[in-house]
Amino acid sequence: MLLVMTSRLVTELPLGSLCLLPSDRAGWHEFGSAKAIEMPSPSFLGGAGGLDLFTRFAGRTMTMPAHGCAVLTDAYAYGDGLAFIDDHLLLEPSVTASPIDIGAWGFFRDVGPLDGGKRRIDNWSEHPHRLGEAVLLARRSDFVYGHWLLETLPRVRLALRLCSDQAAFVVSASIADYQIEMLEQLGVARERLFPLNPGTAVHCDRLIVPSLAHWSSNVVHDFACETYDTLIADCIARTGQGRAHDRILVTRSSRKRDPRPLFNLAEVESVTRRHGFVTIDPGAVPWWEQIAIFAQASTVVGLSGSGLHNTVYTGDRSHVLVLQPNHSRNFLQTSIAAIRHHRISYLFGESLSAFDRDGSECGYVIDVDLLDHILPTIV
């Protein structure tokens, strides 16, 4: 039976404050120091507005924080991807979550606002099992493929440098079969996985919390490339050259509900087909095939979103053209281009008020004549 705790008061513990605790309770193992990475300027930038949004981000130098693992002794792993030790909540952007994300999208519904230097965790339960050594992989957003790909997966390689062969890996209880298979491919056997429900905490003798590669809405850290390169080699060997395409159009037609539908997708497909592109819906093929397909493409056109984030597997000097609604402030593909050495272009489509134009859900239309004109310049 689970022991239900009505609430717990915790003080935020920034990573830089780990040294304030006894050295036998918390520490930081650094694998790489902070570094600056320049965001590439686009080869092409046009379409229906959106240019003013992009110019705030393109060409800027972004600072990547030091990366490694926080190591806590006699600590709790919390099912929402957080960790606490005694009455301190480890709340640091590069390893757990940014304070501004508390409450965002309901990711941390049980963590209250800062009050008197403390936050309240309400309605959580303590798991009856106690773990010895454990690695915290779980993220509240794991169910979204893009978050899994950019936030959770790259943590594995960091943790494996530090943990023993017996360490458990704390994952979300809702972890999907494909996610388990990807972890196995990276060397984590499914027997080592410890599923944890949201709102539940498990006591760990030693808890390893690896850095996040994606901790800011528009930035991905380059340490993630080690994970992607490992998967590329394995997946190409597994699938062979059977589905290799030099030019691909990335869609998401298999989604039951598309939050950002491209209303004239059929016209876009017709134009790209004339230029030698093959349409790929990542959600309709196994994960290892997705990786092999993207790894062997040199020109990628696609709808902005999780499916297009698979360009983390696409090689140096490849060209990625993002089809994006002009209200969107997400330019994460530019950061992916920076760490994978891509050329990047954006074609903005007019956002329509049939959806919430001020939010993340909004349909849009791409100028297919302009698309037809620019495709020969990027291949």
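Higher on the page you've got the structure.
Since we're looking at a predicted model, the values are computed, not measured. (Residues numbered from 1 in each chain as written. Predicted model: local features only at pLDDT ≥ 70, side-chain atom pairs only at ≥ 80, totals over all residues. Heavy atoms only, no water.)

A. Representation of the overall build of the protein chain within the structure. Tallying secondary structure elements over the protein chain gives nine helices and 19 strands in all. Residue burial in the protein chain is summarised as follows: out of 379 residues, 56% are buried. For the protein chain, the accessible surface area stands at approximately 15500 Å², while carbon and sulfur atoms represent 50% of it. (Helix = DSSP H or I, 4+ residues; strand = E, 2+ residues; numbered from the N terminus. Buried < 20%, exposed > 50% of the residue type's maximum accessible area, 1.4 Å probe, protein only. Areas by Shrake-Rupley, 256 points an atom, 1.4 Å probe, with all protein chains shown as cover.)

B. Structural detail: the side chain of Thr-314. Of note, Thr-314 is situated in the loop between strand E16 (299-303) and strand E17 (319-325). Overall, Thr-314 belongs to the buried group, its relative accessible area being 1%. Those residues in contact with Thr-314 that lie beyond four places of it in its chain are Phe-294, Ala-295, Ala-297, Val-300, Arg-340 and His-342. (Contact = heavy atoms within 4.5 Å.)

C. Just the nonpolar core, in detail. The biggest cluster of nonpolar side chains holds 65 residues, and the ones touching the most others in it are Leu-183 and Tyr-313. Residues in contact with Leu-183, not counting those within four places in the same chain, are Leu-137, Trp-148, Leu-153, Val-156, Val-171, Ile-175, Val-188 and Leu-193. (Core = buried A, V, L, I, M, F, W, Y, C linked by side-chain atoms within 4.5 Å.)

D. Just the packing of helix H4 (residues 177-185) against helix H7 (residues 287-295), in detail. For the pair H4 and H7, interaxial distance at closest approach is 10 Å and the crossing angle is 65 degrees. Only Trp-287, Trp-288 and Ile-291 of H7 make contact with H4, whose side of the interface consists of Tyr-178, Glu-181, Met-182 and Gln-185. Among the residues making up the contact of H4 with H7, the classes are represented as five nonpolar, one polar and one charged. (Axes fitted to C-alpha atoms, helices over the stretch in contact; angles between N-to-C directions. Nonpolar A, V, L, I, M, F, W, Y, C, P; charged D, E, K, R; others polar.)

E. Fine view of the pairing of strand E12 (residues 193-196). Judged from the four bridges that link them, strand E11 (residues 168-172) and E12 form a sheet pairing that is parallel. For Val-170, the partnering residue across the bridge sits in E12 and is Phe-194. Following the backbone out of E11, through H4 and into the adjacent parallel E12, one traces a crossover that is right-handed. (Pairing = 2+ DSSP bridges. Right-handed = clockwise from strand over helix to strand, strands pointing away.)

F. Geometry of the environment of Ser-253. Structurally, the position occupied by Ser-253 is in the loop between strand E14 (247-250) and helix H6 (265-274). Taking the C-alpha atoms as reference points, Ser-253 and Asp-281, separated by 28 residues in sequence, lie 6.5 Å from one another. Residues contacting Ser-253, with those up to four places away along its chain left out, are Leu-265 and Asp-281.

G. Just unusual backbone geometry, in detail. A positive phi angle, near 65 degrees, is found at Arg-317, a position not held by glycine. For Arg-317, the location among the structural elements is in the loop between E16 and E17. Classification of Arg-317 as exposed rests on a relative accessible area of 54%. At His-341, a residue that is not glycine, the phi angle is positive and equals roughly 60 degrees. Relative to the helices and strands, His-341 resides in the loop between helix H8 (332-340) and strand E18 (343-351).

H. Just the environment of Leu-347, in detail. Structurally, Leu-347 can be placed in strand E18. Here the alpha-carbon distance between Leu-347 and Leu-45, two residues 302 residues apart in the chain, equals 6.1 Å. Residues contacting Leu-347, with those up to four places away along its chain left out, are Phe-44, Gly-46, Gly-47, Leu-321, Val-322, Leu-323, Gln-324, Ile-366, Asp-367, Leu-370, Leu-371 and Ile-374.

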